[in-house]
Each structure stands twice: as structure tokens, then as C-alpha cells.
Amino acid sequence: MMTTPEIEEFVFSDADFPREFDIQLWAFVRLVWGEAISGDDRFRTRSWDEPTPTHFVRAAGDLLVSHVLVFPLSIEGHRDVLRVGCVGAVLTFPQFRREGHASELMRRVAQHIRETADVGMLFCDAVDAPFYERLDWVALPRGRALVNGEIPDEEVVMILGDDLIAPDPIRLPLSW
């Protein structure tokens, strides 16, 4: 008879992110966001090294249940450099959805961002925006953020914190 394992929460520096979690993360990425993965990235099984992310994880033993990563980015602000906590790879495996795992991780991420950055930012689909809005993220008006000088196609850019400290428009070197 199998007993249900306890789901635990962890925060890992990239250097300490367990290999088995990284493999599961990239398997999820290929399955769910596969159309966005091309070239050599199709074979990827490790997270990027630069900028170095911090991984927020819920797991049952060595089984990844839910994941969020945050990496630092510096952009030009009004008067000074603006420190941005960039949120990405927000996922919960389908068998564990609607149990609050991603919400709890996003609360931990928000705390981390408030301690280490001026604002948080993420990109999401319009259908996912209400999830983040419930967690105090605010959708920026279309055109407020530019990626390589262009308005991101069909993506909502969301911010955590005071958007008035960010320039208008916010010029980002990449989307994530």
C-alpha cells in the first residue's frame, strides 16, 4: 500500500537546483510550450546560467509538482538603474493543479522580489492574467513595455510593485 508523500516547498539557487527537477522542468516546457522551443533548445535539459535564476519549488520527494523561477535584470530607470525581479517558468503539473501550489509559490516569489528588487515583471497570456491579478500583479497597458523596441505580440506584461518608478515606456532587452 502506497502512502501519499508530503509535498514540501524549497528555494534553490541555480547551482543547487537538483538535476532531476531541471529535467522535469524542461520536459514540461517541451510538452506545454513546445511551439516556442526550436533549434538546439529542443534538446535542453538544464536551465540557463545567465542571468542566474532562483528556483521556487514544490515537490513530493524527487517529483516536481510546481515551479517558479526569478532572475535579476537591471534596466534604465527614471534617475537610476531599476532592479527587476523577472518571473518565469511558472508551472504546475496537471495532476496537482487547483491545489494552491502555484499561488503559494507566487506569494513566496513576491516576498523575494520585495526584498531583492524594485519591481517584479512577468509575461503571460491574457487568459492567465486574472491568476496573477489575484496575487497583486497589475497588467501594464499595451505599449507600456517594449521588447527590443517592439510591443510584445499577444502577451500581457505584468508588474508587481509601483509601476510609476519605471520609465514610460519600459525598454526590455528580452522577453522571458
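As a reminder, the structure under discussion sits directly above these lines.
Residues numbered from 1 in each chain as written. Predicted model: local features only at pLDDT ≥ 70, side-chain atom pairs only at ≥ 80, totals over all residues. Heavy atoms only, no water.

## Remarks on the overall build of the chain
- Within the chain, the regular secondary structure consists of three helices and nine strands.
- In the chain, the succession of α and β elements from N to C terminus is β-α-β-β-β-α-β-α-β-β-β-β.
- Considering the chain as a whole, with its 176 residues, one finds that 45% of them fall into the buried category.
- Considering only intrachain contacts with a sequence separation of at least 6, the fraction spanning at least 24 residues in the chain is 65%.
- Split by element, the accessible area of the chain, about 10,200 Å² in all, is 50% carbon and sulfur.
- Computing the positive centroid from 17 side-chain charges and the negative centroid from 30, the chain places the two 2 Å apart. (Helix = DSSP H or I, 4+ residues; strand = E, 2+ residues; numbered from the N terminus. Buried < 20%, exposed > 50% of the residue type's maximum accessible area, 1.4 Å probe, protein only. Contact = heavy atoms within 4.5 Å. Areas by Shrake-Rupley, 256 points an atom, 1.4 Å probe, with all protein chains shown as cover. Lys, Arg positive; Asp, Glu negative; His and termini not counted. Charge placed at Lys NZ, Arg CZ, Asp CG, Glu CD.)

## Looking at the pattern of salt bridges
- The tally for this structure, following the rule as stated, stands at seven salt bridges.
- Notably, a salt bridge pairs arginine 108 with glutamate 9, separated by 2.7 Å at the nearest N-O pair. Within this pair, whereas arginine 108 is found in helix H2 (residues 101–116), its partner glutamate 9 is found in strand E1 (residues 8–13), the two being separated by 99 residues in sequence.
- A salt bridge links glutamate 104 to arginine 107, with the nearest nitrogen and oxygen atoms 2.8 Å apart. On the criterion of helical spacing, the pair formed by glutamate 104 and arginine 107 is a turn pair, its members being three residues apart in helix H2.
- Bridged by salt links that share partners, the residues Glu9, Arg58 and Arg108 form one connected network. (Salt bridge = Lys/Arg side-chain N within 4 Å of Asp/Glu carboxyl O.)

## Considering unusual backbone geometry
- In this structure, the amide linkage connecting aspartate 168 to the following residue, proline 169, adopts the cis form with an omega of 5°.
- Checked against the element boundaries, proline 169 lands in the loop between strand E8 (156–160) and strand E9 (170–172).
- In this structure, aspartate 136 is a non-glycine residue whose phi angle is positive, near 80°.
- Take aspartate 136: it is sitting in the loop between helix H3 (129–133) and strand E6 (138–139).
- On the accessibility criterion, aspartate 136 (56% relative accessible area) is exposed.

## Considerations on the packing of aromatic side chains
- Counting across every chain of the model gives nine aromatic pairs.
- Measuring from ring centre to ring centre gives 5.6 Å for phenylalanine 10 and phenylalanine 12, while their planes differ by 25°; the resulting arrangement is stacked.
- Of the residues examined, phenylalanine 10 reaches a relative accessible area of 28% and is grouped as partly exposed.
- Ring plane angle 75° and centroid distance 5.5 Å describe the contact between phenylalanine 28 and tryptophan 33, whose orientation is recorded as edge-to-face.
- Overall, phenylalanine 28 belongs to the buried group, its relative accessible area being 4%.
- Put simply, the rings of Phe10, Phe12, Phe17 and Phe21 touch in pairs and so form one group of aromatic residues. (Phe/Tyr/Trp six-rings, centres within 6.5 Å; stacked < 30°, edge-to-face > 60°.)

## Looking at the nonpolar core
- Membership of the largest hydrophobic core comes to 36 residues, with the highest contact counts inside it found for Leu25, Val84, Met121, Ile170, Leu172 and Trp176.
- Listed by contribution, the elements that provide at least two residues to this core are helix H1 (19–32), strand E2 (54–60), strand E3 (63–76), strand E4 (81–92), strand E5 (119–124), strand E7 (145–147), E8 and E9.
- In terms of residue count, the dominant contributor to this core is E3 (six residues).
- Not counting chain neighbours up to four residues away, the residues in contact with leucine 172 comprise Leu73, Ile75, Met121, Phe123, Ala145, Leu146, Val147 and Asn148.
- One finds Val68, Val87, Ala129 and Tyr132 within the second-largest nonpolar core, a separate group that totals 22 residues. (Core = buried A, V, L, I, M, F, W, Y, C linked by side-chain atoms within 4.5 Å.)

## Section: the sheet that holds E3
- An order of E1-E2-E3-E4-E5-E8-E6 is seen for the seven strands of this open sheet, with the pairing classed as mixed. Each edge of the open sheet is held by one strand with a lone partner, namely E1 and E6.
- Direction of pairing for E6 relative to E8: antiparallel, over a ladder of two bridges. Pairing of valine 138 across the sheet is with isoleucine 159, part of E8.
- Those strands touched by H2 are E1, E2, E3, E4, E5 and E8, and its axis lies near 25° from that of E3. (Pairing = 2+ DSSP bridges. Axes fitted to C-alpha atoms, helices over the stretch in contact; angles between N-to-C directions.)

## Notes on a nonpolar patch on the surface
- Side chains of Leu31, Val32 and Trp33 sit close together on the surface and give an oily, nonpolar patch of about 310 Å² of accessible area.
- Relative to the elements of secondary structure, tryptophan 33 occurs in the loop between H1 and E2.
- Since its relative accessible area comes to 31%, tryptophan 33 is described here as partly exposed. (Patch = residues over 30% accessible without salt bridge, like charges linked within 9 Å, V, L, I, M, F, W, Y side chains within 5 Å.)

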